[in-house]
Amino acid sequence: MKKEIIIFLVILGMLFVAGCAENGGPEDPAPSTPVEETVEEMDNGEVSGGEETVTVPEAEQNETGASEIIDVEIRDYKYIPDSLTVDVGQTVRWTNYDTVLHDVVGSGIESEYLKQGETFTYTFEQEGTYDYICTLHPSMEGKVIVGA
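Rules and cut-offs
Residues numbered from 1 in each chain as written. Predicted model: local features only at pLDDT ≥ 70, side-chain atom pairs only at ≥ 80, totals over all residues. Heavy atoms only, no water. Pairing = 2+ DSSP bridges. Helix = DSSP H or I, 4+ residues; strand = E, 2+ residues; numbered from the N terminus. Axes fitted to C-alpha atoms, helices over the stretch in contact; angles between N-to-C directions. Core = buried A, V, L, I, M, F, W, Y, C linked by side-chain atoms within 4.5 Å. Buried < 20%, exposed > 50% of the residue type's maximum accessible area, 1.4 Å probe, protein only. Contact = heavy atoms within 4.5 Å. Polar contact = N/O pair within 3.5 Å; in protein donor to acceptor, adjacent residues only side chain to side chain. Phe/Tyr/Trp six-rings, centres within 6.5 Å; stacked < 30°, edge-to-face > 60°. Lys NZ or Arg CZ within 6 Å of the ring centre and 35° of its normal.

### Quick notes on the sheet that holds strand β5 (residues 78–80)
Part 1 of the argument: Taken together, four strands build an open sheet; the order of strands is β5-β4-β7-β10 and the sheet is mixed. With partners counted over all chains shown, the strands left at the sheet margins are β5 and β10 (119–123), one partner each. For this sheet the average axis-to-axis angle between neighbouring strands, irrespective of direction, equals 25°.
Part 2 of the argument: Here three bridges tie strand β4 (residues 69–75) to β5, and the two strands are oriented antiparallel to one another. Among the inter-strand pairings, Arg75 is bridged to a residue of β5, identified as Lys78.

### Brief notes about the nonpolar core
Part 1 of the argument: Ranked by internal contacts, the top residues of the largest apolar core, which has 19 residues, are Tyr79, Val86, Val92, Trp94, Val104, Phe124 and Val144.
Part 2 of the argument: Counting only elements with at least two residues in this core, the list comes to β4, β6 (83–87), β7 (91–96), β11 (128–134) and β12 (137–147).
Part 3 of the argument: In this structure Val144 touches Leu84, Val86, Trp94, Phe124, Gly128, Thr129, Tyr130 and Tyr132, once residues within four positions along its chain are discounted.

### A look at the environment of Gln90
Part 1 of the argument: If you trace the backbone, Gln90 turns up in the loop between β6 and β7.
Part 2 of the argument: Once the C-alpha coordinates of Gln90 and Glu68 are considered, the two residues, 22 residues apart in sequence, prove to be 5.3 Å apart.
Part 3 of the argument: In this structure the side chain of Gln90 is engaged in a polar contact, spanning 2.7 Å, whose partner is the backbone nitrogen of Asp87.

### Details of the packing of aromatic side chains
Working definition: an aromatic ring pair is given by the centre-to-centre distance plus the angle between the planes.
Part 1 of the argument: Inspection of the entire model under this criterion finds five aromatic pairs.
Part 2 of the argument: Ring geometry for Tyr79 against Tyr132: centres 4.8 Å apart, planes inclined by 75°, an arrangement best described as edge-to-face. Taken as a pair, Tyr79 in strand β5 and Tyr132 in strand β11 lie far apart in primary sequence, 53 residues in all.
Part 3 of the argument: Given the relative accessible area of 2%, Tyr132 is considered buried.
Part 4 of the argument: Ring plane angle 70° and centroid distance 4.8 Å describe the contact between Phe124 and Tyr130, whose orientation is recorded as edge-to-face. Each of the two residues, Phe124 as well as Tyr130, counts as buried.
Part 5 of the argument: Three or more aromatic residues joined by ring pairs form one cluster here, namely Tyr79, Trp94, Phe120 and Tyr132.
Part 6 of the argument: Arg75 extends its terminal NZ or CZ atom over the ring of Tyr97, reaching a point 4.2 Å from the ring centre.

See below:
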């Protein structure tokens, strides 16, 4: 009987250790302070922001040289870039690269919850400033400024 109890306790201890090893703690990223980054369009179809410049292929440019679709990444609980300027009639596409759900909501914009790899597009038909957030993570904020 003693031997059976010892075997039971050893097995129980091994299961406890294995369970603790798999539960290494939270994987949520540390909160970060959003960095404002302004994206400006250049005459040649390039979009610049911070240190990165993205050139839009000519096939994706309209007759004024401005790109038809501007991409915003949802990554690390941030919209990248978090602020951008577009022309009336341009489309912005948000793509979720995080493993958690996010959305884009505010100023007349309302997406469904986006899973990893899913996108949401919105065409801006009127001038103005469009502020938006992720309703699941309200510290995520973004802005689209639409000019003539």
